[in-house]
Amino acid sequence: MGILASGLPDLVCNDEDLSRFLTSSRYYNTTMVKGVAFLPSLADRESSVFRHASEPLDRLISLGKTYAAGDRNLHGAAIIKTSVVREVGLEVRADEPPPFHAAISGWPSASDPDLELARHKELANVLASASLLVRFGEVL
Amino acid sequence: MPEAFSIGFLASYTAINLFVRSNNGVSAEADALRSSAFELIRSSERSVALFGRQNDAIADIHLLAQECSSDSTRLDPVAIELAEEFLRVLPEEIPIPEFAAEPRGSISLDWIQSRNRMFSLSIGSSRRLAFAWLDGTDRGHGVVAFDGRCIPRKVLEGINAIIDGNTGFGSA
């Protein structure tokens, strides 16, 4: 097993926490993260996450502001265990740089784009239900 | 035209309201007239409430479009039109969902009862709507056709299963 520039092993272990940054207030409500927050991007069919737990919070926020938010506001993060992602048939792989970055991949494909989206939504719902919502104190 | 309709409606509504409250006739005919007027007022108020909530929801869709106008989740204009159609035929007993933008420019409509019970529908650039649901350990997905006149049966069943707690809804 190799070591990455961040100091993390190149293999993402099942018990690692993953953070999916929330760049819209529509990606969560007062009680939970919504499935839409986990849907993969069209460009690479992956969902970008960071190998970081809810603490330390200041480092989590710094990661989000520096590498995830871009021009968008940073509202919070969804924290989920790698094991949960793998249990629904998706994969998590280290993807540095940037530091701590990983990707949720293996989203199912289908010749029918609407059916493909429906499958993605089903898995995204499961991820959302299993994730912890961390709201940053103010919109950053 | 909408302003003329609104003024005319308000004038009629006000007149009927005044009649009901000031009329003190004691005959059977007066009672029947008052009862009819009351019913007309109640019906009008229900209509305003119904269209009010739909209009509020459509306004929220447009607000979402504005929020996304400058980033990668820009809403597809056809998705916005179809979402408006969908909301206009949404039955009164179905709650207005939460809205969010999806990566492909479609709109996610989410009915969330709890962390483990939700129904999510996507409205994109075609009349084929993708949906997925989670109900405890049960989950599923499907695609339905939307004709613009009524909500697809599977969607209604899925939403009702989540908000009513009735089990037995299966995936397509």
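What you are looking at is a predicted structure, and each value in this text was computed from that prediction instead of being measured. (Residues numbered from 1 in each chain as written. Chains lettered and ligands numbered in written order. Predicted model: local features only at pLDDT ≥ 70, side-chain atom pairs only at ≥ 80, totals over all residues. Heavy atoms only, no water.)

What follows is about the interface of chain A and chain B. Facing the 30 residues of chain A at the interface are 36 residues of chain B. Surface buried jointly by chain A and chain B totals about 2700 Å² across both partners, of which 52% is contributed by carbon and sulfur atoms. By the criterion of area lost to chain B, the three top residues of chain A are R26, K121 and E122 of chain A, representing 25% of everything that side buries. Our enumeration of links across chain A and chain B arrives at eight salt bridges. At the boundary of chain A with chain B, the tally comes to 15 residue pairs in polar contact (both at pLDDT 80 or more). Classifying every residue of the side of chain A that touches chain B by side-chain character gives 15 nonpolar, six polar and nine charged. (Contact = heavy atoms within 4.5 Å. Buried area = accessible area lost by both parts, 1.4 Å probe. Salt bridge = Lys/Arg side-chain N within 4 Å of Asp/Glu carboxyl O. Polar contact = N/O pair within 3.5 Å; in protein donor to acceptor, adjacent residues only side chain to side chain. Nonpolar A, V, L, I, M, F, W, Y, C, P; charged D, E, K, R; others polar.)

This paragraph deals with the nonpolar core. In terms of nonpolar packing, the biggest core is built from 35 residues, with L22, F38, V85, L90 and L127 of chain A touching the most fellow members. Elements supplying a minimum of two residues to this core: β1 (17–22), β3 (76–81), α2 (82–87), β4 (91–94), β5 (101–105) and α3 (113–130) of chain A together with β4 (128–135) of chain B. What L127 of chain A contacts, discounting residues up to four positions off in sequence, is F38, I80, V84, V85, V88, L90 and W107 of chain A. The next biggest cluster of nonpolar side chains, apart from the first, holds 32 residues, and it includes L64, I80, L82 and V144 of chain B. (Core = buried A, V, L, I, M, F, W, Y, C linked by side-chain atoms within 4.5 Å. Buried < 20%, exposed > 50% of the residue type's maximum accessible area, 1.4 Å probe, protein only. Helix = DSSP H or I, 4+ residues; strand = E, 2+ residues; numbered from the N terminus.)

Let us look at the side chain of H75 of chain A. Residue and element names in this part refer to chain A. Among the secondary structure elements, H75 is positioned in the loop between α1 (57–68) and β3. Here H75 falls in the buried class, since its relative accessible area comes to 10%. A polar contact is formed between the side chain of H75 and the side chain of Y28, at a distance of 3.3 Å.

This part is about the pairing of strand β3 (residues 117–123) of chain B. Residues in a regular strand point their side chains to alternate faces of the sheet. Residue and element names in this part refer to chain B. In terms of burial, β3 is a largely internal element, seven of the seven residues being buried. Burial along β3 is two-sided: R117, F119, L121 and I123 facing one way and M118, S120 and S122 facing the other are all buried. Here strand β2 (residues 107–114) pairs with β3 via seven bridges, running antiparallel. Counterpart to L109 in the pairing with β3 is L121. Hairpin connection from β2 to β3: two residues lie between these consecutive antiparallel strands. Of the strand pairs in this sheet, β3 and β4 are connected by six bridges, and their pairing is antiparallel. Across the sheet, residue F119 finds its bridge partner in β4, namely W133. The antiparallel hairpin formed by β3 and β4 contains four residues in its connecting segment. (Pairing = 2+ DSSP bridges.)

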